[in-house]
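A closer look at the structure
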Amino acid sequence: MDLRVIGCHGGETPKHRTSAFVVDDRVAIDAGSLTSGMELPAQCALEAVLVSHAHLDHVRDLATIADNRNQNHSEPLIVAGTRPTLAALKKHFFNGLLWPDFSKIPNARRPAIRYLELGLEKHVTIAGYDVNAIAVSHTIDTCGFTLRGKDGVLAYSGDTGPTDRLWEVLRETPNLRALLMEVSFPNEEHRLAKVSGHHTPETLAKDLAKLGRRPGRQLVKELPTLLYHIKPSFQAVVERECARLKGLNLTVCALGDQFIL
Ligand SMILES: [Zn+2]
Ligand SMILES: [Zn+2]
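Remember, it's a predicted structure, so these values are computed and weren't measured experimentally. (Residues numbered from 1 in each chain as written. Chains lettered and ligands numbered in written order. Predicted model: local features only at pLDDT ≥ 70, side-chain atom pairs only at ≥ 80, totals over all residues. Heavy atoms only, no water.)

**Topic: the overall build of the protein chain**
- Along the backbone of the protein chain there are seven helices and 14 strands.
- Computed over its C-alpha atoms, the radius of gyration of the protein chain comes to 17 Å, within 12% of the 18 Å expected for a compact globule of 261 residues.
- In terms of principal-axis extent, the alpha carbons of the protein chain reach across some 55 × 40 × 30 Å.
- A burial count over the protein chain gives 51% of its 261 residues as buried.
- Partitioning the intrachain contacts of the protein chain with sequence separation of at least 6 by distance along the chain shows that 59% fall at a separation of at least 24.
- Here the protein chain has roughly 11500 Å² of accessible surface; of this, 52% comes from carbon and sulfur atoms.
- Charged side chains of the protein chain number 31 positive and 30 negative; the gap between the two group centres comes to 3 Å. (Helix = DSSP H or I, 4+ residues; strand = E, 2+ residues; numbered from the N terminus. Rg over C-alpha atoms; globule rule 2.2 N^0.38 Å. Buried < 20%, exposed > 50% of the residue type's maximum accessible area, 1.4 Å probe, protein only. Contact = heavy atoms within 4.5 Å. Areas by Shrake-Rupley, 256 points an atom, 1.4 Å probe, with all protein chains shown as cover. Lys, Arg positive; Asp, Glu negative; His and termini not counted. Charge placed at Lys NZ, Arg CZ, Asp CG, Glu CD.)

**Side note on the environment of Lys 15**
- Following the sequence through the fold, Lys 15 ends up in the loop between strand S1 (2-7) and strand S2 (20-23).
- Taking the relative accessible area as the measure of exposure, Lys 15 reaches 68% and is therefore exposed.
- With 240 residues separating them along the chain, Lys 15 and Leu 255 place their C-alpha atoms 8.4 Å apart.

**Some thoughts on the side chain of Asp 159**
- Its location among the elements puts Asp 159 in the loop between strand S10 (152-156) and helix H4 (165-171).
- Buried charge Asp 159 goes without a salt bridge, the closest partner of opposite sign being Lys 231 at 6.6 Å.
- Here the side chain of Asp 159 touches His 53 through a polar contact of 3.3 Å, side chain to side chain.
- A polar side-chain atom of Asp 159 sits 3.4 Å from a polar atom in the side chain of His 138.
- Dropping the residues within four chain positions of it, Asp 159 is found in contact with His 53, Asp 57, His 58, Val 136, Ser 137, His 138, Thr 142, Glu 182, Gly 197, His 198, Tyr 228 and His 229. (Salt bridge = Lys/Arg side-chain N within 4 Å of Asp/Glu carboxyl O. Polar contact = N/O pair within 3.5 Å; in protein donor to acceptor, adjacent residues only side chain to side chain.)

**Focus: the pattern of salt bridges**
- Counted by the stated rule, this structure contains 13 salt bridges.
- Residue Asp 2 is joined to Arg 4 by a salt bridge in which the shortest nitrogen-to-oxygen separation is 3.6 Å.
- The partly exposed category is assigned to Arg 4, whose relative accessible area is 33%.

If you want it as structure tokens, here you go:
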């Protein structure tokens, strides 16, 4: 599995891009920077986008990628998310007011985007991957994902604070190759993290401990844990605090990173 980091921050500056990851050039996880961070051919090559939740930093570039692909007569882009997420996209985003309804453009038979509703913990095949959506704990309906390809499983936390079900599912997931895991605020900003449904390094370490021992006797300390969603204002301090966490296999994602899993 080839994982590319297009955007991995919880905010934007010229050096920070909002969340978007691409697997094997085919499937994107979140759409925070799919057009600001990718050339047109790569945008048009995508088959699907898994959307964790409706917050703007995760959906914003759906607007521009739909427009770009429409101009290039690309195949319909599958936009997969849970019912509340898709409902928000339809009502507040592709609503013919804030942005055109690209699920009907250029025509309803072969539109620029096609919604695919995901049930929680109902496995579905998308672009050849087994995809499972798992509810996590944020301020609105949000899910993480597991994505199983022929080489193993990639997990994605979505925006979340302390949560439980994700860890239960991941404990039972064999051949887990890596976890894309959110961490947003420094320890000092724990109140802000709590009210906004995000992690600090301290709460992250406590949550990762819930993973414990997994099938195949692999310990959490061996699981490559790729950190994303750090707020640009706190990038340096969060990195320092994460570097002090012991017994974990943490890597802070950077723009342009590529991981072969
Ligand atoms: Zn969010
Ligand atoms: Zn976010």
